[in-house]
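Listed here are the chains, written in short residue letters.
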Amino acid sequence: MSAIDTDSNSNSNSDMNSNSHNKTNEWWIFAVFFSIIIIANAILLGSGSLKWGWSGVGIMMAAAFTIGLYSFLYQDNPLFKMAEHFYVGIATAYLIIVTWYSVILTDIIYALRDLWSQPFSSTIFWQMMAIILPTMIGLLVYTRLVPSISWLSRITFAVIIGFGSGLAIPNAINAYILEQLKPSMMPLWTSAGGIAWGALVIFFGVITTLVYFFFSLEHKGVIGKTAKIGIWFLMISFGASFGYTVMARFSLLIERINFLFRDWIPLING
Amino acid sequence: MNFFKKRLPLLLAFFTGWLAVILDYIPHQNGEALMTTITKGLIIIGAVTAFMGIYGLLGHHYLKMKRKNEGWAYSLLVWAGFFIMMLFGIYNNGEWILKPQAEVGGVSWIYEYIFNPCQATMFSMLAFFIASAAYRTFRAKSIEAGILLVAAIIVMIGQVPVGILISERLPDISQWLLDYPNLAVKRAIFFGIALGGVSTSLRIIFGIERAYLGGE
């Protein structure tokens, strides 16, 4: 046996040992976590803080999932993976359920049934076609499962992407250019003769930021100084957006902490 | 056959693309009615194709389980979560799948006590990551970095009650930063987004951008 074979064998042996060690650890983590959760819930039920029933069991489940997911803050671990994977499964099924009841059942099955029950006419025919045609186009995507005819799925993509692109053109022009231009060019002086500081800041902010993003001219001289002011505006905006996002996330965190220490373990009153 | 495989999708994208543009600029009731019908058709296409994504996700986890890849037991949990939720969805509180969705029952219970808490927890965890990223990167090494730092601190403190204790004007300054300099920059960025979006859309409609055809 060569030296390389001996090395690979010893490596695979150490990998197997490491894997079995990890699995043992995973089982220990699960055992300790579920024991703590069961004991905590038993105490809460015994003390009357939690009521036995669908709502009570729901709170226990929500608490277990919340703690499981927060365990990632220490490091990636089996509890997080368990909660995350289960959540992914549930979220996927929820998407299917919502799609089924709100679109497929309502807009296809019920709509076709209602049209079918009416006397046949050209209007009814075209209304039925308006449902059947997109359904057929949508179903073409499943031809990807049969390699010999998978090219048919391109028709679905072409329709969705083509129409979406066409729709994006007037929408982008309206929402992101025309609707933004007017409020960016408000009078810089008030009717009383004073300076409208808000309008001034917005006007110069827009101009200087656009100059910064205009790379066809070298950023030197007046253009360079204007672009520099544009960078300052960008930094203020990034800082403000960052601060706003942080606070929004913290409000969610406060809500989860409130749930754990008020709804589950009643440590916070009020 | 080459026509159907390559040219037909490009022609369809060209035709549907221009149809959407033209319909948007026709202020006629027939045009608006057609636009509504097509938009509803797109929703139907989206709903019908959604199941393909589920097939992909579940197929991926099935292969992991079949091959006993590392962490295959977690893939089992994806399937378990999916089927438990689907069972309640199909049962529909005793009404089954051909009746409108029940407002109460297993689905709403799982949504309220598992889906919602998990979603809120996942999003709230970003607070920690953002805070740790800020701790590592927020160093006022230059004027620009200093401006960003000051703006972030003002907005963060201005949004909480302690801001008023520091200065009564802090919440107003925070709101002013969001309403004026921040808005000005957003508008300038919107112009860029619009120009980029329009040019990308035109590339798709004219068949220059063909990535959606699978790279051919």
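Residues numbered from 1 in each chain as written. Chains lettered and ligands numbered in written order. Predicted model: local features only at pLDDT ≥ 70, side-chain atom pairs only at ≥ 80, totals over all residues. Heavy atoms only, no water.

Digging into the overall build of chain A
A count of helical and extended segments in chain A gives 7 helices and 0 strands. In chain A, the succession of α and β elements from N to C terminus is α-α-α-α-α-α-α. Against the compact-globule benchmark of 18 Å for 270 residues, chain A has a radius of gyration of 31 Å, which places it well outside the compact range. Split into buried and exposed, the 270 residues of chain A put 37% on the buried side. Surface accessibility of chain A: about 15,600 Å² in total, with carbon and sulfur atoms responsible for 70%. Where the 13 positive side-chain charges of chain A centre and where its 12 negative ones centre are 11 Å apart. (Helix = DSSP H or I, 4+ residues; strand = E, 2+ residues; numbered from the N terminus. Rg over C-alpha atoms; globule rule 2.2 N^0.38 Å. Buried < 20%, exposed > 50% of the residue type's maximum accessible area, 1.4 Å probe, protein only. Areas by Shrake-Rupley, 256 points an atom, 1.4 Å probe, with all protein chains shown as cover. Lys, Arg positive; Asp, Glu negative; His and termini not counted. Charge placed at Lys NZ, Arg CZ, Asp CG, Glu CD.)

Re the domain arrangement of chain B
Residues and elements named next belong to chain B. We note that the domain assignment places domain 1 (1-69), domain 2 (72-137) and domain 3 (138-208) within chain B. A C-alpha centroid distance of 35 Å is found between domain 1 and domain 3. Residue-level contacts link 5 residues of domain 1 with 5 residues of domain 3. Here domain 1 and domain 3 share an interface that buries about 390 Å² over both sides, 83% of which is from carbon and sulfur atoms. It is Leu-10, Phe-14 and Trp-18 that lose the most area in domain 1 upon contact with domain 3, and together they represent 70% of the buried surface on that side. (Domains from an automatic or database assignment. Contact = heavy atoms within 4.5 Å. Buried area = accessible area lost by both parts, 1.4 Å probe.)

Re the domain arrangement of chain A
Residue and element names in this part refer to chain A. The domain architecture assigned to chain A consists of domain 1 (3-117) and domain 2 (185-264). For domain 1 versus domain 2, the separation of C-alpha centres amounts to 40 Å. Taken together, the contacts link 12 residues of domain 1 with 6 residues of domain 2. Buried area between domain 1 and domain 2, summed over both chains or domains, comes out near 760 Å², and the portion from carbon and sulfur atoms is 74%. Three residues stand out in domain 1 for area buried against domain 2, namely Ile-59, Thr-66 and Tyr-70, and they jointly supply 49% of the buried area on that side. Where domain 1 packs against domain 2, one counts 0 salt bridges. Counting across the interface, domain 1 meets domain 2 through 2 residue pairs in polar contact (both at pLDDT 80 or more). Put simply, the parts of the chain that give the side of domain 1 that touches domain 2 at least two residues each are helix H1 (3-47) and helix H2 (54-70). Here the element with the most residues in the side of domain 1 that touches domain 2 is H2; it accounts for 7 residues. Residue composition of the side of domain 1 that touches domain 2, by class: 10 nonpolar, 2 polar and no charged. (Salt bridge = Lys/Arg side-chain N within 4 Å of Asp/Glu carboxyl O. Polar contact = N/O pair within 3.5 Å; in protein donor to acceptor, adjacent residues only side chain to side chain. Nonpolar A, V, L, I, M, F, W, Y, C, P; charged D, E, K, R; others polar.)

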